[in-house]
Structure formats: C-alpha cells, structure tokens
Amino acid sequence: MPSQRAARNVTAGRRPGFNSAREFAVASSPAQLRRRFRAHAEAQLYDESCVPREGIAIYTLSDPRDIRDARYVGQTSGPRRRFLQHLNQAQLWLPDELPWWVKQPKLRPLYTWVRELYRDECRLPVMVVTAWAATVAEARATERTCIFEYLARRQALLNVETEILRGRIPLL
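Here goes a summary of the coordinates provided. (Residues numbered from 1 in each chain as written. Predicted model: local features only at pLDDT ≥ 70, side-chain atom pairs only at ≥ 80, totals over all residues. Heavy atoms only, no water.)

## What to know about the nonpolar core
In terms of nonpolar packing, the biggest core is built from 26 residues, with Phe37, Leu61, Leu92, Leu110 and Trp113 touching the most fellow members. If you list the elements that add at least two residues to this core, you get α3 (30-43), β2 (56-62), α4 (79-89), α5 (108-119) and β4 (126-133). With six residues, the top contributor of residues to this core is α5. When sequence neighbours within four positions are dropped, the list of residues in contact with Leu61 reads Ala70, Arg71, Tyr72, Phe83, His86, Leu110, Trp113, Val126 and Met127. Of all hydrophobic cores here, the second largest spans 12 residues; its members include Ala133, Cys146, Ile147 and Leu151. (Core = buried A, V, L, I, M, F, W, Y, C linked by side-chain atoms within 4.5 Å. Buried < 20%, exposed > 50% of the residue type's maximum accessible area, 1.4 Å probe, protein only. Helix = DSSP H or I, 4+ residues; strand = E, 2+ residues; numbered from the N terminus. Contact = heavy atoms within 4.5 Å.)

Set out below in structure tokens:
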C-alpha cells in the first residue's frame, strides 16, 4: 500500500523519488511515458455529446486547467486511439527542441504546445468529444463549424485550417 506521502506526491503532480515534476519528465523512458499515456487516455477522455457513440467523433484538446479553452479541434472514429496518437506524436521523451520528427511542419504548433504543457508540471491535454457524426461529410462540416465557433470566440486554435478559416468568420 503506498504511503500517504507518495499519494500526496502523485496528486500534486510529483512522482515518488523525484524532487520535481520536471525531474520525473526528464527521467521518464518512452515505455514509462506510454504507460502514463494509456492511463491518462482512460481518465481524461470525456464524452459531452449526450448522444450514442456511433460514427465519427468530433473532439477538442485542451489544457487540463481550463478544458473549455480548446486548443485543437479534430475528428476520429476511435477517440482513445487518436488521443494516444496525439500524446505519442509529441515524443515527450526527447530533449526540448523544435519537434523535427513531425513530418508536416504545419502540424508542429500542436505538438510544441503538448510539449510545453508537459514541461509545466507534467501536464497532458484533455480530450473532450463534443459531437458524433454519421458520415465523413457530416463530420467534416461539424468540425469546421466547431472551428468557426472557437475562432469567433477568439480562442487560439492550433489547427492547420485556422489561418485559412480565420478570414471567413462572418462579422457580427
């Protein structure tokens, strides 16, 4: 049974045997991080759609300190799998530097943000499913609508489409 001190450390973002979350992050191996990602994906994936889970999910990624402040909007038929892909793609076990391993430079801001979030007390993003769509066309339309809504609220989305769609937001 873990000690009360160890339990306090875990809930405070620290790991037993480490003085800070940053020390834990640096000491973490890819295997340790992947185990943490799997546990995180189970605990921090929420479905707020209030509809049956069928078809394609429209989701957001957010800072856990303010999950209503979405930083990314996406779509997937497998939310948990996609969440794990996002976490793994950030390759948090590599030293802090420009994410050169991201094949498309336009995707780097998302993974830079995940790395910055992790650097701040080992935080990881939260995934919230906001809607489900029956078809790919419906999913794409719903995703674009969500992006428009967040941009209209002046949220700093990291989606590739953000720059393209920013000019198309109707003025009120």
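That covers the picture; the talk isn't over yet.
## Concerning the side chain of Gln155
Looking at the secondary structure, you find Gln155 in the loop between α6 (136-152) and α7 (162-166). The exposure class assigned to Gln155 is buried, which follows from its relative accessible area of 12%. Of the polar contacts made by the side chain of Gln155, one reaches the backbone oxygen of Arg68; its length is 3.1 Å. Setting aside its immediate chain neighbours within four residues, Gln155 contacts Arg68, Asp69, Ala70 and Tyr150. (Polar contact = N/O pair within 3.5 Å; in protein donor to acceptor, adjacent residues only side chain to side chain.)

## Topic: the pattern of salt bridges
What the rule picks out here adds up to eight salt bridges. For Asp63, the salt bridge identified is with Arg65, shortest N-O distance 2.6 Å. Close ionic contact of Arg65 with Asp120 constitutes a salt bridge, the shortest N to O distance being 2.6 Å. Of this pair, Arg65 sits in the loop between β2 and β3 (70-76) while Asp120 sits in the loop between α5 and β4, and the two are 55 residues apart along the sequence. (Salt bridge = Lys/Arg side-chain N within 4 Å of Asp/Glu carboxyl O.)

It is worth stressing that arrangement in space is one thing and function is another; only the former is reported here.
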